[in-house]
Amino acid sequence: MKDLSKIRLFEAIDLIKKQKLKSEELVRYHLELANTKGKDLNAFITVLDDSIEKAREVDQKIQEGKKVGLLAGIPCTVKDILMTKGIRTTAASKILKDFIAPYSATVVEKLEEEGAVIIGKTNCDPFAYGASGENSGFGPTLNPIDNTRVPGGSSSGAAASLAAGIGLFAIGTDTGGSVRQPASLCGLVGLKVTYGRNSRYGLIAMASSFDTPGILSHTVREAAFIEEIIAGKDSKDATTYDLPVENYFKKLNEIKNLDKVKVGVPKQYFEQGITQDVKQAVQKTITKMKKNGAEIIDVSLPILKQGISVYYILVPSEISSNMARYDGIRFGRKEEDNYMQNLLKTRSKYLEPEVKRRIMLGTYALSAGYADEYYKHASRVRVKITREIMELFKEVDILVGPTSPFVAFKLGEKSNDPLAMYLADVYTVNANIAGCPAISINCGYNKEGLPIGFQIMSEKFSEAKLLGIAANTEKIINES
Ligand code: GLN
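Predicted, not measured: the structure shown is a model, and the values here were computed from it. (Residues numbered from 1 in each chain as written. Predicted model: local features only at pLDDT ≥ 70, side-chain atom pairs only at ≥ 80, totals over all residues. Heavy atoms only, no water.)

Caption draft 1: The site of the ligand, seen in detail. Around the ligand sit 15 residues, and of these Thr175, Gly176, Ser178, Tyr311 and Arg358 come closest. A distance of 2.9 Å is found between a nitrogen atom of the ligand and a backbone nitrogen or oxygen belonging to Ala128. The separation between an oxygen atom of the ligand and a polar main-chain atom of Thr175 is 2.8 Å. Looking at the shell around the ligand, its residues break down into 6 nonpolar, 6 polar and 3 charged. (Near = heavy atom within 4 Å. Polar contact = N/O pair within 3.5 Å; in protein donor to acceptor, adjacent residues only side chain to side chain. Nonpolar A, V, L, I, M, F, W, Y, C, P; charged D, E, K, R; others polar.)

Caption draft 2: Here's a closer look at helix 8 (residues 220–230). Summarising burial for helix 8: 9 of the 11 residues are buried, a large majority. Burial in helix 8 covers these residues: Val220, Glu222, Ala223, Ala224, Phe225, Ile226, Glu227, Ile229 and Ile230. Just past helix 8, the residue Gly232 takes up positive phi, approximately 130 degrees. (Buried < 20%, exposed > 50% of the residue type's maximum accessible area, 1.4 Å probe, protein only. Helix = DSSP H or I, 4+ residues; strand = E, 2+ residues; numbered from the N terminus.)

Caption draft 3: Seen up close, the state of the cysteines. Enumeration over the complete set of coordinates arrives at 0 disulfides. Free of any disulfide, Cys76 has its nearest cysteine sulfur in Cys124, 16 Å distant. Looking at the unpaired Cys124, the closest cysteine sulfur is the one in Cys186, lying at 14 Å. Cys124 gets classed as buried once you look at its relative accessible area, which sits at 0%. (Disulfide = S-S within 2.5 Å.)

Caption draft 4: Spotlight on the packing of aromatic side chains. What the rule picks out here adds up to 15 aromatic pairs. Measuring from centroid to centroid gives 6.0 Å for Phe127 and Tyr129, while their planes differ by 35 degrees, and the two rings are tilted. Grouping residues by exposure puts Phe127 and Tyr129 together as buried. The interplanar angle of 80 degrees and the centroid separation of 5.2 Å between the aromatic rings of Tyr269 and Tyr427 together place this pair among those described as edge-to-face. (Phe/Tyr/Trp six-rings, centres within 6.5 Å; stacked < 30°, edge-to-face > 60°.)

Caption draft 5: Structural view of the pairing of strand 6 (residues 212–217). Counted residue by residue, strand 6 has 6 buried out of 6 residues, so it is predominantly covered. The alternating pattern of strand 6 places Thr212, Gly214 and Leu216 and Pro213, Ile215 and Ser217 on opposite faces, both of which are buried. In the sheet, strand 4 (residues 170–174) pairs with strand 6 via 5 bridges, with the strands oriented antiparallel. Residue pairing across strands places Gly172 opposite Gly214, the latter belonging to strand 6. (Pairing = 2+ DSSP bridges.)

Caption draft 6: Main features of the nonpolar core. Among the nonpolar cores identified, the biggest contains 125 residues, and Leu71, Phe127 and Ile439 are the most heavily contacted of them. Those residues in contact with Phe127 that lie beyond four places of it in its chain are Ile81, Ala91, Ser93, Ile95, Leu96, Ile204, Met206, Met323, Tyr326, Leu351 and Val355. (Core = buried A, V, L, I, M, F, W, Y, C linked by side-chain atoms within 4.5 Å. Contact = heavy atoms within 4.5 Å.)

Caption draft 7: Seen up close, the pairing of strand 2 (residues 75–79). Burial analysis of strand 2 places 5 of its 5 residues in the buried class, the great majority of the element. Across the two faces of strand 2 the burial is the same, with Pro75, Thr77 and Lys79 and Cys76 and Val78 all buried. For strand 2 and strand 3 (residues 117–122), the ladder comprises 5 bridges, and the chain directions are parallel. Across the sheet, residue Val78 finds its bridge partner in strand 3, namely Lys121. A crossover connection joins strand 2 to the parallel strand 3 through helix 5 (residues 106–113); in handedness this β-α-β unit is right-handed. One ladder, built from 2 bridges, connects strand 2 with strand 4; its direction is parallel. (Right-handed = clockwise from strand over helix to strand, strands pointing away.)

Caption draft 8: Focus on the side chain of Asn342. The residue Asn342 is located in helix 12 (residues 339–350) in this model. Reaching out from Asn342, the side chain makes a polar contact with the backbone nitrogen of Glu336 at a distance of 3.2 Å. If we ignore the near neighbours within four places in the chain, the residues touching Asn342 are Asp327, Gly328, Ile329, Arg333, Lys334, Glu335 and Glu336.

Pasting the structure below:
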């Protein structure tokens, strides 16, 4: 009898195809875990018990010798902000509590075309606004490593479930760090690709010029494999690029070591706010990279410090516009017949406090008289940050640093202080501001056994290089 808890993605693919393991058996195991451990962690908004049928179909096809996809029979999870046809999709907000998605997101379709079995829709911060999972209209998610702590956010359920061994990979979304930061706080890999590489079609919009579907996995190799499946031009999303998707998985083997890789280390990353345990683990990793042939280059990019301010003006502005559709008529719940009364009541009653806060911030930043000072100014600084980062990539292959300034924090520790919470994103937002790809890998644990994330960022559409370097870095971290 195989120990199903030990089977990871590639082994599962192999065993299922060779008929040594039935997808039904594997999916049943993961569903059980989702319904027990997953519920205890509050990692799921909806567990899809019927997905067992899909697993049976895959087994049947394999038995009949029919062609199956690359992810045939593999259990995975999807953040509840991505539309799944015929299935409740809530964005973790009470306003969409009973909303059934009329179509599926492109990334979801692509996974299903390859035979993946979605076992559940994971909890998150409402509309993906948050860095801890605590803002969810369905209650906070707990970190499986220490239940008194947050798993990070906004893809809280994605990270918590995967770290608890539920599903073999998880799909999240990253607007300012929501895949990388929870991956960091739960000891996983989190990949956010170039803006426009993965389709946003069917992703309930947070900030449209930042949103990017992403992957949480146990290893870089797994992330590369999944990314190759979900990436690409989509006629339903005009912001996707018409560039061929590289063979990320195969290309991993082309980068054999870190020899001569130019690693930029921005000194601003280590100046303030970073905790000692994170700093030490990150610096140790940089030293290891150097020992393994990488060329470490100290760089200075003072403008990186403006990232948080720019992000928290532009993102709420886009949010305030995107949220206008929740008027109690088109989506969500109706409370009254009178249009204005209905609008006011629905939004007051069903939108979570953080959602309201962001609508107010954004409406203010866009309002006549303030738009020049806030929105337009921040847009100009966004261009400047992007240019300066691009300039830097002429000198270095990658920029490295911490993913989060601190390890997983206690539930409630920052929830009453939005500004302290916003600082959780200090290292992640610049990749979204510039549209660059970035990945978080685990680089160790602190004394309490809490994971620490290491972030690597590279220039736009250089995912193959980023993944290759990340895979090598992961290897040298694990070796010692
Ligand atoms: N923590 C960030 C925020 O609250 C990032 C959110 C995200 O990437 N979805 O905006």
